[in-house]
Amino acid sequence: MKVTIAEELLLLAYSEGEGKQLISTVQLDPALAGALLAELAVEGRVELTDDKLVLTGSAPLGDEELDAVLSRVAGEHKERKPAWWVQRLQSHKLRARLLTRLAQSGVLTEQRGKVLGIFPVTRWPEADPSVEADVRERVASVLGGAEPDPRTAVLIAIMHAAKLDRKAFPGASKERVKELAEGAWAGDAVAKTIAAINAATITAITAATVVATSGG
């Protein structure tokens, strides 16, 4: 089945068996926003011009989440930096929508329960492991030296920004991950756009981490 880069990121961010998050929501939520923006760049809908994300195509992509972001970019009264967009798009609601969509399509199962009989918790174990298996096979091949396709390279770059790469692929070469994250696989325009989105994602994660650890 067809899934977005953000959904691929989600599949890798949850443990295969118990469906627990491998990284914090402080890391995951900005990464999901960055993944949506990065997919628009890969599909030729946005690019970086003078440090701003500029609309380069408005044709819908046929995905509800991607097209919603595309409409927001098209409808914004002025051009904005990637960091502005990551901040506006990231939310627990986005994560919940994507997880629910994966559950409704039969990829994940939503399991609600309580920790210590008191605190509510939701886990997302896999119902159809083949979807994540395909993603893992593709990523592992590229990390092993295969020529990357744009979607896989972007996924690896976003994983690196969220510090998910070391948890999901602990044996991967740090040098190879860095090479892919820096956009050596792409043309100049796309590489610059993806790099800016990644930088914005890292900035958002860092800022949110500081707030979380300080109790703010």
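Up top is the structure these notes are about.
Predicted model, so just to flag it, every value in this text is computed and none were measured.

1. Notes on the pattern of salt bridges
For step 1, the next point in the chain: As enumerated under the stated definition, the model contains eleven salt bridges in all.
For step 2, the next point in the chain: Residue E132 is joined to R136 by a salt bridge in which the shortest nitrogen-to-oxygen separation is 2.8 Å. With a gap of four residues between them, E132 and R136 both fall in helix α6 (residues 129-143), about one helical turn apart.
For step 3, the next point in the chain: If you follow the salt bridges from partner to partner, you end up with E8, E39, R138 and R151 in one network.

2. Section: unusual backbone geometry
For step 1, the next point in the chain: Of note in this structure, D51 is not a glycine but carries a positive phi near 65°.
For step 2, the next point in the chain: If you trace the backbone, D51 turns up in the loop between β1 (46-49) and β2 (52-55).
For step 3, the next point in the chain: Positive phi, close to 60°, is recorded for K163, a residue that is not glycine.
For step 4, the next point in the chain: Checked against the element boundaries, K163 lands in the loop between α7 (150-161) and α8 (165-168).

3. Describing the packing of aromatic side chains
For step 1, the next point in the chain: Inspection of the entire model under this criterion finds one aromatic pair.
For step 2, the next point in the chain: Look at W84 and W85: their rings are 4.9 Å apart centre to centre, the planes differ by 90°, and that puts the pair in the edge-to-face class.
For step 3, the next point in the chain: Its relative accessible area of 1% is what places W85 among the buried residues.
For step 4, the next point in the chain: The residue whose ring lies beneath R80 is W84, and the NZ or CZ to ring-centre distance is 4.3 Å.
For step 5, the next point in the chain: When the ring centre of F169 is taken as origin, the NZ or CZ atom of R136, which lies over that ring, is 5.1 Å away.

4. Structural notes on the pairing of β2
For step 1, the next point in the chain: Here four bridges tie β1 to β2, and the two strands are oriented antiparallel to one another. By the bridge assignment for β2, T49 is matched with K52.
For step 2, the next point in the chain: Remark: two residues form the turn of the hairpin made by β1 and β2, two consecutive strands paired antiparallel; D50 in that turn has positive phi of roughly 55°.

5. A word on the side chain of E39
For step 1, the next point in the chain: Looking at the secondary structure, you find E39 in helix α2 (residues 25-42).
For step 2, the next point in the chain: Looking at E39, its side chain comes within polar contact range of the main-chain nitrogen of I5, at 2.8 Å.
For step 3, the next point in the chain: With sequence-adjacent residues up to four places away left out, E39 is seen in contact with T4, I5, A6, L66 and R151.

Conventions and cut-offs
- Residues numbered from 1 in each chain as written.
- Predicted model: local features only at pLDDT ≥ 70, side-chain atom pairs only at ≥ 80, totals over all residues.
- Heavy atoms only, no water.
- Salt bridge = Lys/Arg side-chain N within 4 Å of Asp/Glu carboxyl O.
- Helix = DSSP H or I, 4+ residues; strand = E, 2+ residues; numbered from the N terminus.
- Phe/Tyr/Trp six-rings, centres within 6.5 Å; stacked < 30°, edge-to-face > 60°.
- Buried < 20%, exposed > 50% of the residue type's maximum accessible area, 1.4 Å probe, protein only.
- Lys NZ or Arg CZ within 6 Å of the ring centre and 35° of its normal.
- Pairing = 2+ DSSP bridges.
- Polar contact = N/O pair within 3.5 Å; in protein donor to acceptor, adjacent residues only side chain to side chain.
- Contact = heavy atoms within 4.5 Å.

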